[in-house]
Amino acid sequence: MPEARLHDGSTIEIVVHGAGPTLLLPVNPRPAEGAQAEAMRAWGADPALGRSLMEGLGDQVRVAAFDYEGHVLAHPKAATLTPDNVAADLLAVADAVGAGRFAYYGYSWLALSGLQLAIRTDRLDGLVMGGYPPVEGPYAEMLDVTRATLAMVGSATGEEATPGDWSTVEVDMSDGQARQFVTLYEALQDFDDLAAQRAVTCPRLCFAGSADVIEYDERWGGTRVDIAGPVVRRRAELEALGWDVVVLDGLDHARAMQPAAVLPVLRPWLAAHV
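Every value quoted in this text rests on a predicted model; they were computed, and no experiment measured them.

1. Here we look at the overall build of the protein
Helices and strands together make up the secondary structure of the protein, namely 10 helices and 11 strands. The C-alpha atoms of the protein give a radius of gyration of 18 Å, which matches the 19 Å a tight globule of 274 residues would have. For the protein, the spread of C-alpha atoms along the three principal axes comes to 50 × 45 × 35 Å. Residues counted as buried form 50% of the 274 residues belonging to the protein. Long-range pairs, those at least 24 residues apart, make up 74% of the contacts in the protein between residues at least 6 apart in sequence. Looking at the protein, you have 20 positive and 38 negative side-chain charges, and the mean spots of the two groups are 6 Å apart.

2. A short note on the packing of helix H2 (residues 49–57) against helix H10 (residues 259–273)
Between H2 and H10, the shortest axis-to-axis distance is 10 Å and the interhelical angle comes to 30°. By the angle between their axes, H2 is roughly parallel relative to H10. Considering the relative orientation of H2 and H10, their crossing is right-handed. Here H2 contributes Leu49, Ser52, Leu53, Gly56 and Leu57 to the contact with H10, which in turn contributes Pro259, Val262, Leu263, Leu266, Arg267 and Leu270. Here the contact of H2 with H10 is composed, by residue class, of eight nonpolar, two polar and one charged.

3. Some words on the sheet that holds strand E6 (residues 102–107)
In a beta sheet, neighbouring strands pair by backbone hydrogen bonds and run either parallel or antiparallel. Pairing in this open sheet of seven strands is mixed, and the strands run E3-E5-E4-E6-E7-E8-E11 from one edge to the other. Each of the sheet's edge strands pairs with one partner strand only, and the pair in question is strand E3 (15–17) and strand E11 (243–248). For this sheet, the mean angle separating the axes of adjacent strands, direction not counted, is 15°. As paired elements, strand E7 (residues 124–130) and strand E8 (residues 204–209) share four bridges and run parallel to each other.

4. Section: the packing of aromatic side chains
Here the distance between the centres and the angle between the planes together describe a pair of aromatic rings. As enumerated under the stated definition, the model contains seven aromatic pairs in all. With a centroid separation of 6.1 Å and an interplanar angle of 40°, the aromatic rings of Tyr107 and Phe207 are classed as tilted. With Tyr107 in strand E6 and Phe207 in strand E8, the pair connects residues that are 100 residues apart, well separated along the chain. Grouping residues by exposure puts Tyr107 and Phe207 together as buried. Note on Tyr139 and Phe191: the rings are 5.7 Å apart at their centroids and 85° apart in plane angle, and the pair reads as edge-to-face. With Tyr139 in helix H6 (residues 139–151) and Phe191 in the loop between helix H7 (175–187) and E8, this pair connects stretches of sequence that are 52 residues apart. Accessibility classification places Tyr139 together with Phe191 in one group, the buried group. What links up through ring pairs into an aromatic cluster is the set Tyr68, Trp109 and Phe181.

5. Some details on the packing of H6 against H7
At their nearest, the axes of H6 and H7 sit 9 Å apart, and the two run at 160° to each other. Taken together, the axes of H6 and H7 are roughly antiparallel relative to one another. Considering only the axes of H6 and H7, their crossing is left-handed. Residue-level inspection shows Tyr139, Met142, Leu143, Thr146, Arg147, Thr149 and Leu150 of H6 in contact with H7, the latter providing Asp175, Ala178, Arg179, Phe181, Val182, Tyr185 and Glu186. Looking at the contact of H6 with H7 residue by residue, the class counts come to eight nonpolar, two polar and four charged.

Conventions and cut-offs
Note that residues are indexed from 1 along each chain, following the sequence as it is written. Owing to the predicted nature of the model, reporting of local features is limited to residues with pLDDT of at least 70; listing and counting of side-chain atom pairs is limited to 80 or more, with chain, interface and lining totals taken over all residues. Each side-chain value is derived from all of the structure's non-hydrogen atoms; neither hydrogens nor water enter the calculation. Numbering of helices and strands starts at the N terminus; helices are DSSP runs of H or I of at least 4 residues and strands are runs of E of at least 2. Only the C-alpha atoms count toward the radius of gyration. The rule for a globule is 2.2 Å times the residue count to the power 0.38. The rule is simple: take the accessible area with a 1.4 Å probe, protein chains only, and divide by the maximum for that residue type; under 20% is buried, over 50% is exposed, in between is partly exposed. The criterion used for residue contact is that any of the two residues' heavy atoms lie within 4.5 Å. The charge count treats Lys and Arg as positive and Asp and Glu as negative. His and the chain ends do not count. For this purpose, a charge sits on NZ of Lys, CZ of Arg, CG of Asp or CD of Glu. Angular values range over 0 to 180 degrees, each being the angle between N-to-C directions of two axes fitted as lines to C-alpha atoms, with helices fitted over their stretch in contact. Oblique is the label for any angle not covered by the other classes, which are roughly parallel (under 35 degrees), roughly antiparallel (over 145) and roughly perpendicular (65 to 115). By definition, any crossing whose near helix is turned counterclockwise from its far helix by less than a right angle is left-handed, and any crossing with a clockwise turn is right-handed. Note on residue categories: nonpolar means Ala, Val, Leu, Ile, Met, Phe, Trp, Tyr, Cys or Pro, charged means Asp, Glu, Lys or Arg, and polar means any other residue, Gly included. Two strands form a pair only when DSSP identifies at least two bridges running between them. Think of it this way: a Phe, Tyr or Trp ring, Trp meaning its six-membered ring, pairs with another when their centres are within 6.5 Å, and the plane angle makes it stacked under 30 degrees, edge-to-face over 60, tilted otherwise.

Without other data, these values stay purely geometric and don't point to any function.
Structure below.
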């Protein structure tokens with residue numbers, strides 16, 4: 001099993017599946033089990049999301065799957081999870097699987113990571129951003145949420161969250177785990193995602209659920225993170241900038257990332273462009 005050495009010297013395992021052009025897929029290739037799996041199902045999530053995506057794409061592309069989010073939680077990069085270092089990590093994964101050129105699909109913060117990668121390399125043959133708008137991204141709002149998360153470290157009571165209600169979710173992170181995401185969004189506060197579009201030259205697709213709006217309660221400063229709005233409102237502009245745009249009717253942030261929603265979008269696009 002190939003391993004990539006990341007910017008902080010830690011290593012991450014990569015699972016390769018299928019044949020064809022390489023697609024970097026930052027997902028956990030191993031299904032969740034037990035209580036974690038049950039909690040995911042309660043929120044409408046597939047405990048085997050990564051494996052389902054790998055198997056659903058492996059007849060078209062060579063999938064290189066790696067659990068980057070799980071890795072940064074296991075090996076927090078409190079002061080170094082910057083856009084430059086994230087992009088370097090993704091390139092290290094591509095190097096580890098011998099992919100001189102490759103496509104990339106990421107969802108949510110891993111989608112914005114793909115945009116940061118795209119403006120730093122000419123090796124991309126395709127970029128897919130799910131659950132995060134390429135233009136008018138909620139960088140300020142996510143900084144507010146991550147700072148509030150950091151402030152709540154150690155305050156968890158162990159009460160079970162109500163599926164679908166983000167206001168009931170408790171913070172179960174260490175200081176380092178939470179702080180690294182503050183580091184990331186602080187570094188993105190001056191990022192002009194509209195101006196950055198001229199540096200993205202590969203085929204590109206963005207998608208989001210039409211109901212992808214997260215309303216946080218007062219513990220997170222009453223922050224409203226609107227993912228769907230910019231994609232819907234600026235669709236014509238995005239298409240003029242070279243993006244293929246898909247809006248998934250009625251889906252929220254969690255449901256729009258599930259294999260049943262993603263594969264019907266991703267498969268034909270990859271077949272046409274990668």
